[in-house]
Amino acid sequence: MCGRCVQAKLHIVLDADLKSAFSWNTKQVFLFVLAEYQTETNQLNQVVLWDAIIQQQKDAKIRKKKLRQKYTFDDQGRNLRDRAFNLTVAWNVMPKVGRLFTRSQTFVGFNMPANYTNIGRG
Amino acid sequence: MDWIRDTFNTLRAMNPREYITQGMSLGLIVTSALMIWKTLMLVTGSESPVVVVLSGSMEPAFYRGDILFLNLGKEPIRTGEVVVFNVDGRDIPIVHRVIKVHERASQNHIDMLTKGDNNYGHDRVLYMPGQDWLNMEHIMGRACGYVPYVGMVTIIMNDYPFVKYLLIGVLGLLVLTSKD
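Since this is a predicted model, take the numbers as computed values, not measurements. (Residues numbered from 1 in each chain as written. Chains lettered and ligands numbered in written order. Predicted model: local features only at pLDDT ≥ 70, side-chain atom pairs only at ≥ 80, totals over all residues. Heavy atoms only, no water.)

**Remarks on the overall build of chain A**
What counts here: Counting from the N terminus, the helices are DSSP H or I runs at least four residues long and the strands are E runs at least two residues long. Each residue is placed in one exposure class: buried if its accessible area under a 1.4 Å probe, protein chains only, is under 20% of its type's maximum, exposed if it is over 50%, and partly exposed if it falls in between. Any two residues having at least one pair of non-hydrogen atoms within 4.5 Å are treated as being in contact. The charge count includes Lys and Arg as positive and Asp and Glu as negative, but it does not include His or the ends of the chains. Charge coordinates come from a single atom per side chain, which is NZ of Lys, CZ of Arg, CG of Asp or CD of Glu.
Helix and strand counts for chain A stand at zero helices and nine strands. Along chain A, helices (α) and strands (β) appear in the sequence β-β-β-β-β-β-β-β-β when read from the amino end. C-alpha atoms of chain A, sized along the principal axes, occupy 50 × 30 × 30 Å. Across the 122 residues that make up chain A, the buried fraction comes to 44%. Within chain A, residue pairs in contact and separated by at least 24 positions form 65% of the contacts whose partners lie at least 6 positions apart. For chain A, the centre of its 19 positive side-chain charges and the centre of its 9 negative side-chain charges are spaced 7 Å apart.

**Here we look at the pattern of salt bridges**
Applied cut-off: Salt bridges are counted wherever a side-chain nitrogen of Lys or Arg sits within 4 Å of a carboxyl oxygen of Asp or Glu.
Throughout the structure, instances matching the rule amount to 12 salt bridges over all chains. Note that A:Asp15 is salt-bridged to A:Arg63, the shortest N-O span being 3.2 Å. Taken together, the residues A:Asp15 in strand E2 (residues 14-17) and A:Arg63 in strand E5 (residues 61-64) connect sequence positions 48 residues apart. No difference in accessibility class separates A:Asp15 from A:Arg63, as the two residues are exposed. As a salt-bridge pair, B:Arg97 and B:Asp117 come within 2.9 Å of each other at their nearest N and O atoms. Taken together, the positions of B:Arg97 in strand E4 (residues 94-104) and B:Asp117 in the loop between strand E5 (110-115) and strand E6 (139-147) put the pair 20 residues apart, joining distant regions of the chain. Note on B:Arg97: relative accessible area 1%, which makes it buried.

**Some points on the pairing of E5(B)**
Residues and elements named next belong to chain B. The test is simple: Pairing between strands is defined by DSSP: at least two bridges between the two strands are required.
The element E5 is extensively covered by neighbouring structure, given that six of its six residues are classed as buried. Neither face of E5 is open: one carries Ile110, Met112 and Thr114, the other Asp111, Leu113 and Lys115, and all of them are buried. Bridge count between E4 and E5: six bridges; the pairing is antiparallel. Pairing of Glu103 across the sheet is with Ile110, part of E5. Hairpin remark: E4 followed by E5, antiparallel, with five residues in the connecting loop; positive phi at Gln107, about 30°.

**Comments concerning the interface of chain B and chain A**
Just so we agree on the cut-off: Values labelled buried area give the accessible surface lost by two parts on being combined, using a 1.4 Å probe and summing over both.
Contacts between chain B and chain A engage 30 residues on the former and 30 residues on the latter. Buried area between chain B and chain A, both sides added, is near 2,500 Å², and the carbon and sulfur share of it is 54%. Three residues stand out in chain B for area buried against chain A, namely B:Lys100, B:His102 and B:Tyr146, and they jointly supply 22% of the buried area on that side. If you look at where chain B meets chain A, you find one salt bridge. A:Asp74 is the partner of B:Lys100 in a salt bridge, and the nearest nitrogen-oxygen pair spans 2.8 Å. Considering each element in turn, the side of chain B that touches chain A owes the most residues, eight residues, to E4(B).

**Description of the environment of B:His138**
Residue and element names in this part refer to chain B. Turning to its location among the elements, His138 is positioned in the loop between E5 and E6. Taking C-alpha positions, His138 is 19 Å from Val43, a pair spaced 95 residues apart along the chain. In contact with His138, other than residues within four places in its own chain, are Val84, Phe85, Asn86, Asp88, Gln131 and Trp133.

**A closer look at the nonpolar core**
As a reminder of what qualifies: Take the buried Ala, Val, Leu, Ile, Met, Phe, Trp, Tyr and Cys residues and link them wherever side-chain atoms come within 4.5 Å; each set so joined is a nonpolar core.
A:Met94, B:Phe62, B:Leu68, B:Val82, B:Phe85, B:Met112 and B:Ile139 are the most contacted members of the largest nonpolar core, which totals 37 residues. Those elements giving two or more residues to this core turn out to be strand E3 (26-37) and strand E7 (84-95) of chain A together with strand E2 (67-71), strand E3 (82-85), E4, E5 and E6 of chain B. No other element matches E4(B), which puts five residues into this core. Setting aside residues up to four positions removed in sequence, B:Phe85 forms contacts with B:Pro93, B:Ile94, B:His96, B:Thr114, B:Asp123, B:Tyr127, B:Leu134, B:His138, B:Ile139 and B:Met140.

**Examining the UniProt feature "domain: Peptidase S24/S26A/S26B/S26C" (unreviewed entry) in chain B**
The cut-off we apply is this: UniProt positions are given in the numbering used here, feature names are shortened, and annotations may be inferred rather than shown by experiment.
As recorded in UniProt, the sites labelled "domain: Peptidase S24/S26A/S26B/S26C" (unreviewed entry) are residues 37-107 of chain B. Structurally, residues 37-107 of chain B comprises 11% helix and 32% strand, and the distance from its first C-alpha atom to its last is 32 Å.

Next up, the structure:
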């Protein structure tokens, strides 16, 4: 859909313990990692890169040496080069019955490389 | 079958004045329900504050027949939120999660992309041909509350209309013959 856009691939290490997010009324926790950045045209861009459904408290300790990006990190234009961005880990707690809520933690101060990398035709 | 005869006798014994009274209490019930619904619309800002989940695309969080309480609110939509949206040219609202947000610096314009937690790919294939993004006018509300199973009643009533008419008939009769 985007012929003239740029795309980024990140190497993310994720170490999270969401055991405390579980209570008797928790059906599942939807964990996701997103990138946030600002461009000249857009005051906010949010792109989810990876997500996972955690159904049991015993599986709530996540250790990933290299997160396999599930969704493409693409811009609406070509504004990713040399771009500052933040990464946020968020978890949406989904109940057996009742209210849904989301908690998150943001890590600031990342920067895209100043030069494009050629990864072949892909 | 005694209750049928009882009901019939009660109806026969009533005079016109009583019919009018009972008819009015029936009307009161209907209008109260309408008032509650409209008040909910006003408070939540959503055109449909309660929706029934119709597909399995958000399993295992939401199953067909579960109900969701929606709130639209003033804050802009962010990724990770579960929203209910209408796609141009389709009547059935869809419950999915927002995975991309692009918010313009000028004017109040937000481009969004959604995906069902249980689906393999994102929703661009569900949108109208040529439509790449959802905007605020497509959003009916964001899911803020959840109750399982309850919506199965409406699904059954939609699939088998005679159940609906039977239920309305019995309820109407009960109201007409109730003594207060």
